[in-house]
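One letter stands for each residue in the lines below.
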Amino acid sequence: MSHINSVKHLGKTALYVQQDDESIIHGMNLLNLRADSDVLSSVFAHRFFNSYYFKKQLPNITKDSVNQSSFNITALKKLLIPLPPLPVQQQIADVLDHASALIEKRKAQIDKLDLLVKSQFIKMFGDPVANPKGFPTKCFIDVVKLQRGHDLPVQNRDLSGNIPVYGSNGILGFHSESKTKNGIITGRSGTIGIVNHCKGDFWPLNTTLYSVETHGNNIVYLKYLLGYFSLERFYDGTGVPTLNRNVVHKTKLIDVPLESQTVFANFVHKVEAQKSFLRQSLAKLEQNYKSLMQKCFRGERYSNTIMNKRMDYYGT
């Protein structure tokens, strides 16, 4: 269990099961917890420690400092853990494990579709950096022109709006006004290399670069072209990575016929339809999992027990 970390990572827990005669070595910012097997299943405990019902107790024992937060073992031992009978614990763990496995399976299916799109791009166009298919090339700026995004401090945003606000990692919030529409967005400062496509109105922040001229090229094709072009190669600066668009604009990009771009974009649309269906299914599975967690761990169902009376801690 992580007990010295940033707040969002505090209390994160992994379950280790010994294989053969191997031993485990863990970092100094982690706690090694061993359950009293007479009263507590380790698998059940692992699920509980990753539940909302455990996490909501952590702020009461967390101490904040400049760069990280922490809680100590003494405080952790005072928190409550539900203790149904062992057979019930195992049933709960089995149900949650099954639900979790379905969620991971659905995520894997979505990941495979992403790989399918990449495979199709490489099949049709090859690596856009190496250009093994020998496409003619043009200056980047003659294929797509990028412009720096626009300032919009959080305090100036209309949070009731529905216009997505894009940062270098993707959507960071919403606003009631837009700066452009139907474009591609990539990171200018901070995170570099991630490329997004917005079909409607959006506001690109000043940490991004966004397309202002596509020269008649297919916008979906361009999104993947830039995504596989490894834009992170062009960052400069010794501090926060920054993408210099003037340098990027002078590089060469493959010049692919529009007909081929359209064929690829149509393929992407079909895959995106499948991904949309899987995402809806994933959302339902995750909601079901939360409902199961609520039924399994709400405190009034079982006797809650102070942890230090039912668990042995082997320290850091």
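In case you missed it, the structure is sitting above this.
Conventions and cut-offs
- Residues numbered from 1 in each chain as written.
- Predicted model: local features only at pLDDT ≥ 70, side-chain atom pairs only at ≥ 80, totals over all residues.
- Heavy atoms only, no water.
- Pairing = 2+ DSSP bridges.
- Helix = DSSP H or I, 4+ residues; strand = E, 2+ residues; numbered from the N terminus.
- Core = buried A, V, L, I, M, F, W, Y, C linked by side-chain atoms within 4.5 Å.
- Buried < 20%, exposed > 50% of the residue type's maximum accessible area, 1.4 Å probe, protein only.
- Contact = heavy atoms within 4.5 Å.
- Phe/Tyr/Trp six-rings, centres within 6.5 Å; stacked < 30°, edge-to-face > 60°.
- Axes fitted to C-alpha atoms, helices over the stretch in contact; angles between N-to-C directions.
- Left-handed = near helix turned anticlockwise from the far one by under 90°.
- Nonpolar A, V, L, I, M, F, W, Y, C, P; charged D, E, K, R; others polar.

**Q** Residue-level account of the sheet that holds strand E1 (residues 4-5), with values.
**A** Ordered by their spatial adjacency, 3 strands build an open sheet running E1-E4-E3, and the pairing between neighbours is antiparallel. Of all strands in the sheet, those with a lone pairing partner are E1 and strand E3 (63-64), marking the two edges. One ladder, built from 2 bridges, connects E3 with strand E4 (residues 69-70); its direction is antiparallel. If you follow Lys 63 over to E4, its bridge partner there is Ser 70.

**Q** Break down the nonpolar core for me, citing the residues and quoting the values.
**A** In terms of nonpolar packing, the biggest core is built from 63 residues, with Phe 140, Tyr 221, Leu 225, Leu 226, Leu 231 and Phe 297 touching the most fellow members. Looking at this core element by element, the count peaks at 11 residues for helix H8 (residues 258-297). Leu 225 has contacts with Phe 121, Pro 128, Val 143, Leu 253 and Ile 254, leaving out every residue within four places of it along the chain. Residues Tyr 166, Ile 185, Cys 198 and Tyr 210 belong to the second largest nonpolar core, which totals 5 residues.

**Q** Hey, could you go over the packing of aromatic side chains for me, with residue numbers and the actual values?
**A** Counted under the stated rule, the structure contains 19 aromatic pairs. Pairing Phe 202 with Tyr 210 gives two aromatic rings, centres 6.4 Å apart and planes at 90 degrees, and the pair type is edge-to-face. Given a relative accessible area of 4%, Tyr 210 falls into the buried group. Taken together, a centroid distance of 5.6 Å and an interplanar angle of 85 degrees make the contact between Tyr 224 and Phe 264 edge-to-face. In this pair, Tyr 224 is assigned in helix H6 (residues 219-227) and Phe 264 in helix H8, connecting sequence segments 40 residues apart. No difference in accessibility class separates Tyr 224 from Phe 264, as the two residues are buried.

**Q** Any chance you could break down the packing of helix H1 (residues 42-49) against H8 for me, citing the residues and the numbers?
**A** Two elements in contact, H1 and H8, have axes whose closest approach is 11 Å; the angle formed by their N-to-C orientations is 115 degrees. The two elements H1 and H8 cross, and the hand of that crossing is left-handed. Between H1, through Phe 44, Arg 47 and Phe 48, and H8, the contact on the second element is made entirely by Tyr 289, Met 293 and Phe 297. Tallied by class, the residues present in the contact of H1 with H8 amount to 5 nonpolar, no polar and 1 charged.

**Q** Summarise unusual backbone geometry; cite the residues concerned and give the values.
**A** The phi angle at Asn 131 is positive, at roughly 50 degrees, despite the residue not being glycine. Mapped onto the secondary structure, Asn 131 falls in the loop between helix H4 (86-125) and strand E6 (137-139). In this model, Ser 230 sits at a positive phi of 55 degrees, which is unusual for a non-glycine residue. Within the secondary structure, Ser 230 is located in the loop between H6 and strand E13 (235-236). Classification of Ser 230 as partly exposed rests on a relative accessible area of 24%.

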